[in-house]
Amino acid sequence: MMEDVYTFVDDVKSFPGRLASQEETIKKIMFQTIECMLFIQEYSGHGFCGRALNQQWADEQIARFTQAFTMLKTSLNTGVGVQIAFIAHRIFEDVQSIVQTQNLAKLHPVDMDDPSRPVCLPQTRSDLLSSVFSWAMNPSSNQNVLWLHGPAGSGKSTVATTIANITRDLGRLGAFVFFNRRMAARNDPAAVVRTLAFQLGEFDHRLGAAISTVIKSTPSIRQSPLRQQFHKLLVQPLSESELAVWSQEGPVFVVIDALEECGHVGDREDLLNVLALESMKLPPTFRIVVTSRTELDIQEALEARKNICSTPIDINSPANDKDIHLYLCDRLQSIRSKNKYLLLSQEWPGHHAIDALTARARGLFIWAFTACRYVENGQNPGDRLADLLRTDVCSNAESALDLIYSTALESTRRWEDPAFSADFRDILGVVIAARNPLTALTIDRLNEGASVPRTQPSLHTIQHLGCVFRGTTSEPIRVIHPSFEDFLTDRARCKKDEWFIDVYLSHQRLAHQCIGSLRAILKRNMCNLTLTKTGVDVQILPEDVTYSCIFWIEHVCESKGREESLSIAVYDFLEKHLLHWIETMSLLKKARHTTKLLMRLEDWSKSTQGPHQKLCDLLADAVRFCQAFTAVIEQHPLLVYNSALPFSPTNSVLYQLFKDELPIPVVAGGFRDEWSPLLMDIPRSGGEVTSLSLSSDGSQLISTVARGCYVWDVISGELLAEGPKGHVAMTVFAPGGQLAASCLFSGSIILWDTFSGKMIGQPLKHDQGAIYALALSPDGTRLISGGQDCTIIMWNVQTASVILDPPATHTKSVLCLAFSPDGLRYASGSRDGTIRIWDTASGGMASGPFRGHSGGVYSVAFTPDGTKIVSGSDDKQVCVWDAQAGSSLNQSQKASMPIKLRGHHSTVFSVAVSPDGRLIASASKDTTVRLWSLESREELSHLVRQHRMPVRCVAFLEQYGRLRLVTGGNDATVRIWDIESVGSMGVARKHKGLVSHLAFSKDGRRIVSGSLDHTVRVWDPITSQCLLGPLKLEQEVRSVALPADNVRILAADHEGAVFAWDATTGEHLIATPADDPRYHSIAGPLSLERKWIVDSRTGTILTMIPTMSPVSARASFDNCMVLGLVNGGIVIVHFPGTTRLV
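Residues numbered from 1 in each chain as written. Predicted model: local features only at pLDDT ≥ 70, side-chain atom pairs only at ≥ 80, totals over all residues. Heavy atoms only, no water.

Going by the annotation in an unreviewed UniProt entry, the name recorded for the protein is Nephrocystin 3-like N-terminal domain-containing protein, with Suillus luteus UH-Slu-Lm8-n1 given as the source organism.

Below, the structure is given as structure tokens:
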């Protein structure tokens, strides 16, 4: 059948005119032939599958190929222009489900739509493209990544786009990702894996379904580390049995272009590690093509890997010069055709001229591209060509680029005009510093926010530089190539001050412009919204406003300067518009970004001149404000004013600054005085928390409970994976974060994958009895375990074998273990009350035993420098030991005595040392976590943290450069704390038990509350101060009331007994059944619908209450609502319109 189809070759030779009309059909025949070739390769057992195919499946494919070739033959013979669907052997589902598409969209992929990307001309790059496809089609190759690298301007992106287009036509392009340093979304390493996953899910419905399942089970996956994203979104779905058929279907291409433009060197380290190490876990059918410059960090990551084929682009090869020659011929012929009135000869410009241009290009396609634009944009192409031919032939590629760019810039002949030079630097500074390409209109609008704006529109200047710019009046302005930006920002290369762009100064100017632009437009409720429960859609704001909101802080921080005027501008802007900016970020669905941006700005402010302390104080408050209320603010932008501000601490700088921004709700007496130290509460930890372990990058934590262990996302608090089930004593993360080890009371150790939760290999077993303690060496190669039989076993993690098995090391059970920071020693603590230090290599005791505790030692930790050991014991003490003491028999007993820190009232279960070695944290059975200064040896008593029940474990965490504390307790919660805050955790308690009922007086001037603490109290709704009480009952209070006569207080207890008191003196009065509060209740106009307070009279949404103790009672009068809380707190909120507050 194939031979019959290919008789068209002879027909074409006879009737070449027929070729054009049948071009599409012939192209489809070629594509179908490639598919058939891949099938034959698989069928013979020499393909990616590596074995003979299922015969029934193979017969079906043969039938489909036969049908396809028959249809194509018919189309070719008849010449009828009937549109024929390209019939590939891979059959897709007709339509993916809406749910699957929506789930994939939750990955927030980056838009990679750029149809203007250039492709290779026909007959160019043939050798290079052939080698790429030979590599891709070779199933015997174990190199599944091809790294195509070369200097700037060598045509890498054009080749990548061509490969993507060819494989797309073949139905084999799984994903195409290309980076751009000038577009924030397209240079973010954190977005790469989820964008690949989205595109691959769209490419194949089976993979899309598997990825969709992952997204549903782990909603926070896009916030996870890149390695975990890669494993869960790609490796794990592709390993499922339903997708095993991919091994029978030939190669699928993933093209990643311009990797060097993806973030800065440090930013892309994790991405490079994923590409280098994790890509080998993908099926052999996955072929990844990566293009980049030969940057050092990329070279070190990719060059020496066995699964990566390193392919340099040789710009000095004859084949490369031939391709440039062809390109120049094609472009210059096009220029000749466009200038028909100049009557250029058919041979123009001639072979000699093209040869000369090719020599000057020095192997760089971008030189040829720029040269052609230079010729094309001139009034007389011949004169422009002559200019180029008069230039010298440079000795290297970079010099050739510098010369062509200099020639292009000189052609404007306006550099003697200072105004033109200044406008050029100002506009180019914006184009280069901007995080996203901006239109000329947006550049001009931002210019209006400058202290000294330009008088001419940007297009007036840009029109003279068309050969080095891209863009129109409606399209973003871009430089023609990143190498031109490199030229302008390097004074040694561009040589002229008129051309040099100081990047730091450009960021500073753009920061001023963004701030000025926002200052002119931001205001409260700038989109005239109404508060609703359903939130709002993303608002379309002017580009200059959107850009300034998202990126002004980045430009401030990138300015790197200590200019006082910028610091002053930042403070002046924030003291007037901080809340307006947060509102606008919510409008743009960027509320979650505010915390990290403000943290970065706070770090910048500490190194600047100007209103230093005022700015730092305001930013510190702004960070806490966003941390506390982002979850509320992202529900609706107006909740910045209706909820977040009213419930902020009254003593905070932010509240004092903005509290008079009326009308806003007012919390009587203030919601709290200071910020709560509690940043996050994870209440679903599965039971009593016995151990905590943090990943090395601080992004995840594992909590161990009696029934198993759980992996949590530290930022969102979401559950990522579940580890082994059973009676788990403790779990530790291995360096790198993908491996964890758990010990069971049954005496075995389980190694497991923290991404999937699956066990790795078989359990490690030794006749050790119950295991209570584990520790992993800093390099992750060794594991030590201790327990009931008083011994410490050392294991090789890779081989799962015993390295050291010494005799009993303690006289009682080993309760805790810790490696020194250098891994050369480890410490053990025992129920026998001693601490010992051991040599890692020999297993022999290096120091000890240290005796100073009068009870069992539950926890030990080394300081970061390894010189000291901190321990906690059931003698209620924390001890600090000299780690070198006790290493010699001649040392005195005094030298090995510890520093004792006293303050706990019960067993100290856990201790931790901060990364800088300055602080000690201790967790105790007395429900507290205490902080100690290692230098002063004193407790920081104002920083005590507390759970409702005993605290079993504590650890330090660095998050965005801030030190945090993580704790776990018997109350089944994991908590993350701010180290510095001194405020209380929640609302001040008005009762000692749950508030069971609330009621207003008829005139609204008093509130009565009843509680499970057996008391009744009366409150002033304006000040929230107690006016009367406590009035005591013998039973829990069920209901209360202030009857219309205003002279009595009524209450009923849990058993229905009714009580009365004088409303002024509090004296007991005789009560009758008619005094039951139920008969005196007043229905208020405000209602609480879940967390929303609603005016029932109008249906108006008034506010959303933030996170606090659960509401147990409520009452309202006029525009005032009072809430009673489970913890005994009472919150009184007055909404605008309450007469007495005006």
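What follows picks up the thread again.
*Asks:* What am I meant to see in the overall build of the protein here?
*Replies:* A count of helices and strands for the protein gives 29 helices and 51 strands. Relative to its 1142 residues, the protein shows a buried fraction of 57%. Pairs at least 24 apart in sequence give 62% of the contacts found in the protein among residues at least 6 apart. Just so you have it, the protein exposes about 48500 Å², and 52% of that area is on carbon and sulfur atoms. (Helix = DSSP H or I, 4+ residues; strand = E, 2+ residues; numbered from the N terminus. Buried < 20%, exposed > 50% of the residue type's maximum accessible area, 1.4 Å probe, protein only. Contact = heavy atoms within 4.5 Å. Areas by Shrake-Rupley, 256 points an atom, 1.4 Å probe, with all protein chains shown as cover.)

*Asks:* Just to check I follow, could you spell out the pairing of strand β25 (residues 845-851) for this structure?
*Replies:* Along any regular strand, the residues point their side chains to alternate faces of the sheet. In the sheet, strand β24 (residues 834-839) pairs with β25 via four bridges, with the strands oriented antiparallel. Bridge assignment links isoleucine 835 to a residue of β25, and that residue is phenylalanine 850. Turn length for the β24-β25 hairpin, with the two strands adjacent in sequence and antiparallel, is five residues, and the turn residue glycine 843 shows positive phi of about 85 degrees. (Pairing = 2+ DSSP bridges.)

*Asks:* What's the story with the pattern of salt bridges in this structure? I'm lost.
*Replies:* Pairing of side chains with opposite charge becomes possible as their charged atoms draw close. Taken as a whole and assessed by the stated rule, the structure comprises 37 salt bridges. One salt bridge connects glutamate 575 with lysine 576, and the closest N-O pair in it is separated by 3.6 Å. Residue glutamate 575 is classed as partly exposed on the basis of its relative accessible area of 25%. The network of salt bridges with common partners includes Arg181, Glu260, Glu261, Arg293, Glu485 and Asp486. (Salt bridge = Lys/Arg side-chain N within 4 Å of Asp/Glu carboxyl O.)

*Asks:* What am I meant to see in the packing of helix α15 (residues 365-376) against helix α17 (residues 397-410) here?
*Replies:* To describe two helices that pack against each other, one gives the angle between their axes and the distance between the axes. In contact at an axis separation of 10 Å, α15 and α17 are set at 15 degrees when each is read in the N-to-C sense. The orientation of α15 relative to α17 falls into the category roughly parallel. Considering how the two elements wind past one another, α15 and α17 form a crossing that is left-handed. Residue-level contacts link Ile366, Trp367, Thr370, Ala371 and Tyr374 of α15 to Ala400, Leu401, Ile404, Tyr405, Thr407 and Ala408 of α17. Across the contact of α15 with α17, the residue classes tally to nine nonpolar, two polar and no charged. (Axes fitted to C-alpha atoms, helices over the stretch in contact; angles between N-to-C directions. Parallel < 35°, antiparallel > 145°, perpendicular 65-115°, else oblique. Left-handed = near helix turned anticlockwise from the far one by under 90°. Nonpolar A, V, L, I, M, F, W, Y, C, P; charged D, E, K, R; others polar.)

*Asks:* Hey, could you run me through the side chain of asparagine 642 in this one?
*Replies:* Counting through the fold element by element, asparagine 642 comes out in helix α28 (residues 639-644). Residue classification places asparagine 642 among the buried positions, given a relative accessible area of 16%. Once residues within four sequence positions are removed from consideration, asparagine 642 is found in contact with Arg524, Leu531, Pro665, Leu1102 and Thr1103.

*Asks:* What exactly am I supposed to notice about the sheet that holds strand β44 (residues 1058-1062) here?
*Replies:* Adjacent strands of a sheet form backbone hydrogen bonds with each other and so pair up, either parallel or antiparallel. Pairing in this open sheet of four strands is antiparallel, and the strands run β42-β43-β44-β45 from one edge to the other. Of all strands in the sheet, those with a lone pairing partner are β42 (1037-1041) and β45 (1068-1069), marking the two edges. With two bridges joining them, β44 and β45 adopt antiparallel strand pairing. Directly across from tryptophan 1061, in β45, lies its bridge partner histidine 1068.

*Asks:* Where do I start with the nonpolar core in this structure?
*Replies:* Where a protein is soluble and globular, its nonpolar side chains tend to be buried together. Of all hydrophobic cores here, the largest spans 204 residues; its most connected members are Trp552 and Trp581. Residue contributions to this core peak at eleven residues, all from helix α25 (residues 564-587). Not counting chain neighbours up to four residues away, the residues in contact with tryptophan 552 comprise Ala511, Cys514, Ile515, Leu518, Tyr547, Val570, Phe573, Leu574, Trp581 and Leu601. Core analysis: the second largest hydrophobic core is formed by 28 residues, Ile771, Ala775, Leu804 and Phe819 among them. (Core = buried A, V, L, I, M, F, W, Y, C linked by side-chain atoms within 4.5 Å.)

*Asks:* Hey, could you run me through the sheet that holds strand β4 (residues 286-292) in this one?
*Replies:* Here we have five strands laid out as an open sheet, ordered β2-β3-β4-β1-β5, and parallel in their pairing. Looking at which strands have only one partner, the edges of the open sheet turn out to be β2 (173-178) and β5 (308-312). Along the sheet, successive strands turn relative to each other by an average axial angle of 15 degrees, direction set aside. Packed on one face of the sheet, helix α7 (residues 156-169) meets β1 (145-149), β2, β3 (252-257) and β4 and runs near 155 degrees to β3.

*Asks:* What is the right way to look at the environment of leucine 694 in this model?
*Replies:* Following the sequence through the fold, leucine 694 ends up in strand β10 (residues 689-694). Counting along the chain gives 262 residues from leucine 694 to phenylalanine 956, while the straight-line C-alpha distance between them is 8.7 Å. The contact partners of leucine 694, leaving out residues within four places of it in the chain, are Gln700, Leu701, Val714, Phe733, Ala955, Phe956, Leu957 and Val966.

*Asks:* How should I be thinking about the packing of aromatic side chains in this particular structure?
*Replies:* Tallied over the full model, the rule gives 23 aromatic pairs. Look at phenylalanine 133 and phenylalanine 253: their rings are 5.7 Å apart centre to centre, the planes differ by 50 degrees, and that puts the pair in the tilted class. With phenylalanine 133 in helix α6 (residues 126-136) and phenylalanine 253 in strand β3, this residue pair connects regions lying 120 residues apart in the sequence. The exposure classification of phenylalanine 133 matches that of phenylalanine 253, with both residues buried. Above the plane of the ring of phenylalanine 178 lies arginine 117, whose end atom (NZ or CZ) is 4.3 Å from the centre. Across the ring face of tyrosine 374, the terminal group of arginine 384 is positioned such that the distance to the ring centre comes to 4.3 Å. (Phe/Tyr/Trp six-rings, centres within 6.5 Å; stacked < 30°, edge-to-face > 60°. Lys NZ or Arg CZ within 6 Å of the ring centre and 35° of its normal.)

*Asks:* Please explain the UniProt feature "repeat: WD" (unreviewed entry) in the protein as it appears in this structure.
*Replies:* According to UniProt, the "repeat: WD" (unreviewed entry) feature falls on residues 764-805, 807-848, 850-891, 901-942, 944-981 and 988-1020. Counting secondary structure, residues 944-981 comes out at 0% helix and 63% strand; the distance between its end C-alpha atoms is 10 Å. (UniProt positions renumbered as here; feature names shortened; annotations may be inferred.)

*Asks:* In this structure, what is going on with the environment of asparagine 273? I would like to understand it.
*Replies:* Relative to the assigned elements, asparagine 273 resides in helix α11 (residues 269-278). You can call asparagine 273 partly exposed: its relative accessible area is 30%. Distance from asparagine 273 to leucine 226, taken between C-alpha atoms, is 9.3 Å for residues 47 residues apart in sequence.

*Asks:* What's the story with the environment of alanine 152 in this structure? I'm lost.
*Replies:* When you line up the elements, alanine 152 lands in the loop between β1 and α7. Taking the C-alpha atoms as reference points, alanine 152 and arginine 293, 141 residues apart in sequence, are found 6.4 Å from one another. Those residues in contact with alanine 152 that lie beyond four places of it in its chain are Arg293, Leu364, Leu401, His481 and Ser483.

*Asks:* How should I be thinking about the side chain of threonine 584 in this particular structure?
*Replies:* Locating threonine 584 in the fold gives a position in helix α25. At 2.8 Å, the side chain of threonine 584 forms a polar contact with the backbone oxygen of histidine 580. For threonine 584, the residues in contact, after removing those within four places along its chain, are Leu522, Met526, Leu541 and Cys549. (Polar contact = N/O pair within 3.5 Å; in protein donor to acceptor, adjacent residues only side chain to side chain.)

*Asks:* When you look at the confidence of the model for the protein in this model, what are you seeing that I'm missing?
*Replies:* Detailed reading of predicted coordinates is not advised where the pLDDT is low. Per-chain confidence: the protein averages 86 in pLDDT, with 89% of residues scoring 70 or above. Every residue in residues 79-96 scores below 50 in pLDDT, and together they form 38 contacts with partners more than four places removed in sequence or on other chains. When the criterion is pLDDT under 50, residues 888-895 qualifies, and its contacts beyond four places in sequence or with other chains add up to four contacts. (pLDDT = per-residue confidence, 0-100.)

*Asks:* What is the right way to look at unusual backbone geometry in this model?
*Replies:* Among all residues save glycine, negative phi is the norm, and among peptide bonds the norm is trans. Cis peptide bonds are those with omega within 30 degrees of zero, and the linkage from tryptophan 348 to proline 349 qualifies with 5 degrees. Position of proline 349 relative to the elements: it lies in the loop between α13 (318-338) and α14 (351-361). Between glycine 1029 and the following residue, proline 1030, the backbone shows a cis peptide bond with an omega angle of 10 degrees. Its location among the elements puts proline 1030 in strand β41 (residues 1026-1032). Non-glycine residue alanine 972 carries a positive phi angle of around 65 degrees. Within the secondary structure layout, alanine 972 lies in the loop between β36 (962-969) and β37 (974-978).

*Asks:* For this particular structure, what's the right way to read α13?
*Replies:* Owing to its 3.6 residues per turn, the α-helix brings residues three or four apart onto one side. For α13, built from 21 residues, the straight-helix expectation of 30 Å at 1.5 Å per residue is met to within 8% by its first-to-last C-alpha distance of 30 Å. What α13 keeps buried is the set Asn320, Asp323, Ile324, His325, Tyr327, Leu328, Cys329, Arg331, Leu332, Ile335 and Arg336. Considering only its buried residues, α13 is in contact with α14, α15 and α16 (381-390). (Expected span 1.5 Å × (residues − 1).)

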